[in-house]
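The residues making up each chain are set out below.
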Amino acid sequence: MSNTREAILNQVRAALGNRSVDAASVRSAAQALLADPAATRPAPGAGSLADRFIEKVTSPRVAASVTRLSAMAEVPAAVRDYLPARGLLQSIALQPNDALRALDWSAFEVHETVAAKEPVAVGIARWGIAETGSLVFHSGPDLAVLGNFLPLHHIVVLPSQNLLPYLEDYAALAAGQPMPRNVNLITGASGTLSVETLSGNLTLAGNVATSSTASNAIVLNAGKNTAAGTATAGDI
């Protein structure tokens with residue numbers, strides 16, 4: 001591991017050359033940016049803070065959906081409408097948050113442990129960043145980190161009063177406060193897709209698409225557990 005790390009650092013050093021860094025110049029440039037952050041921020045755009053957040057979070061790059069509600073009490077009904085439209089059962093992993101627990105979930109089968117590939121989880125974000133459409137989560141007794149990443153459908157409640165214009169506004173709020181073990185800033189789904197069979201062929205009856213541009217955006221694997229060189233099965 002150390003050899004690999006050193007090799008990477010050597011490549012970085014070679015790319016940078018032997019340029020010396022003037023610490024005073026770097027400090028001066030940083031102070032100039034901090035003195036007038038508005039000069040480097042993108043224009044806020046039209047509409048309210050909520051409108052700008054929704055525009056970002058529903059954009060193709062982030063590709064989330066949004067339902068605006070007038071009160072927390074309306075959340076269970078919104079979840080109930082979301083599930084059947086996507087062929088999902090009325091079963092959810094509920095984040096053990098007091099505000100969520102206080103709602104009426106009597107129409108659902110509810111559990112609090114999030115399993116791998118959990119079909120649906122319902123959680124609550126601490127903050128939302130309008131600039132990027134990002135959600136901010138703090139780990140703690142009411143939120144394990146994996147609760148943000150294991151669900152196939154992650155339904156997140158974000159109170160409108162917890163919207164912030166820019167990322168540095170969150171940094172300013174967090175400064176001087178006790179920090180959690182983990183802070184997760186999540187901007188949409190990964191967009192990657194993996195479909196595989198352990199044995200036998202894989203048959204596609206329609207198009208497979210994703211918004212991701214990553215090299216592993218779509219991975220198809222037929223006969224994953226079949227020994228290499230086997231002449232039968234393993235076809236796509």
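Anything mentioned here points back to the structure above.
Residues numbered from 1 in each chain as written. Predicted model: local features only at pLDDT ≥ 70, side-chain atom pairs only at ≥ 80, totals over all residues. Heavy atoms only, no water.

Colleague: Where do I start with the overall build of the chain in this structure?
Modeller: Check the secondary structure of the chain and you find 6 helices and 10 strands. Looking at the chain as a whole, 26% of its 236 residues are labelled buried. For the chain, long-range pairs separated by at least 24 residues make up 65% of all intrachain contacts whose partners lie at least 6 apart in sequence. Taken as a whole, the chain presents about 15500 Å² of accessible surface, with 55% of it coming from carbon and sulfur. (Helix = DSSP H or I, 4+ residues; strand = E, 2+ residues; numbered from the N terminus. Buried < 20%, exposed > 50% of the residue type's maximum accessible area, 1.4 Å probe, protein only. Contact = heavy atoms within 4.5 Å. Areas by Shrake-Rupley, 256 points an atom, 1.4 Å probe, with all protein chains shown as cover.)

Colleague: Sorry, what's going on with the nonpolar core here?
Modeller: Nonpolar side chains in soluble globular proteins generally cluster together in the buried interior. Counting residues in hydrophobic clusters, the biggest one holds 16 residues, and the most contacted among them are Val79, Leu83, Ile92, Trp105, Val122 and Ile155. Where this core is concerned, the elements lending two or more residues are helix H4 (75-82), strand S1 (91-94), strand S3 (120-124) and strand S6 (153-157). Non-local contacts of tryptophan 105, meaning those with residues more than four positions away in its chain, are made with Val75, Pro76, Val79, Ile92, Leu94, Leu100, Val110 and Val122. Core analysis: the second largest hydrophobic core is formed by 12 residues, Ala125, Ala130, Phe137 and Leu163 among them. (Core = buried A, V, L, I, M, F, W, Y, C linked by side-chain atoms within 4.5 Å.)

Colleague: In this structure, what is going on with the pattern of salt bridges? I would like to understand it.
Modeller: Opposite charge on two side chains makes pairing possible when the charged atoms of those side chains draw close. Scanning all chains against the criterion turns up 2 salt bridges. The residue aspartate 51 makes a salt bridge to arginine 68 at a minimum N-O spacing of 3.0 Å. One end of the pair, aspartate 51, is in helix H3 (residues 49-57); the other, arginine 68, is in the loop between H3 and H4, with 17 residues separating them in the sequence. Its relative accessible area of 54% is what places arginine 68 among the exposed residues. A salt bridge links glutamate 112 to arginine 101; its shortest N-O distance comes to 2.9 Å. You can see glutamate 112 sitting in the loop between strand S2 (109-111) and S3 and its partner arginine 101 sitting in helix H5 (residues 98-101), a full 11 residues away along the chain. On the basis of relative accessible area, glutamate 112 is assigned to the partly exposed category, the value being 37%. Classification of arginine 101 by relative accessible area gives partly exposed; the value is 43%. (Salt bridge = Lys/Arg side-chain N within 4 Å of Asp/Glu carboxyl O.)

Colleague: Any chance you could explain the environment of valine 136 here in plain terms?
Modeller: Relative to the elements of secondary structure, valine 136 occurs in strand S5 (residues 134-138). Separated by 49 residues in the primary sequence, valine 136 and leucine 185 place their C-alpha atoms 4.6 Å from one another. Once you skip the residues sitting within four places of it in the chain, valine 136 turns out to touch Ala125, Arg126, Trp127, Ile129, Tyr170, Val183, Asn184 and Leu185.

Colleague: Sorry, what's going on with the sheet that holds S1 here?
Modeller: Strands pair in a sheet through their backbones, by hydrogen bonds, and they do so in one of two ways: parallel or antiparallel. With parallel pairing, the 4 strands of this open sheet are ordered in space as S2-S1-S3-S6. Where the open sheet ends on each side, the last strands, each with one partner, are S2 and S6. The sheet shows a mean angle of 30° between the axes of neighbouring strands, direction not considered. By the bridge criterion, 2 bridges tie S1 to S3 in an arrangement that is parallel. For leucine 94, the partnering residue across the bridge sits in S3 and is valine 122. Running at roughly 155° to S6, H4 makes contact with S1, S3 and S6 of the sheet. (Pairing = 2+ DSSP bridges. Axes fitted to C-alpha atoms, helices over the stretch in contact; angles between N-to-C directions.)

Colleague: Would you explain unusual backbone geometry in this entry?
Modeller: Where the residue is not glycine, phi is negative for most of them; where a peptide bond is considered, it is trans in most cases. The backbone of alanine 63 sits at a positive phi, close to 60°, despite the residue not being glycine. With respect to the helices and strands, the residue alanine 63 is situated in the loop between H3 and H4. The backbone phi angle of lysine 117 is positive, close to 55°, even though this residue is not glycine. The exposed category is assigned to lysine 117, whose relative accessible area is 66%.

Colleague: I keep staring at the sheet that holds strand S8 (residues 183-186) and nothing clicks. Help me out?
Modeller: If you trace the 4 strands from one edge of the open sheet to the other, you get S7-S4-S5-S8, paired in mixed fashion. Looking at the sheet topology across the chains shown, the edges are occupied by strand S7 (163-164) and S8. One ladder, built from 2 bridges, connects strand S4 (residues 127-129) with S7; its direction is parallel. Of the residues in S7, the one forming a bridge with glycine 128 is leucine 163. Where helix H6 (residues 167-174) meets the sheet, it contacts S4, S5, S7 and S8, and its direction lies at approximately 150° from that of S4.

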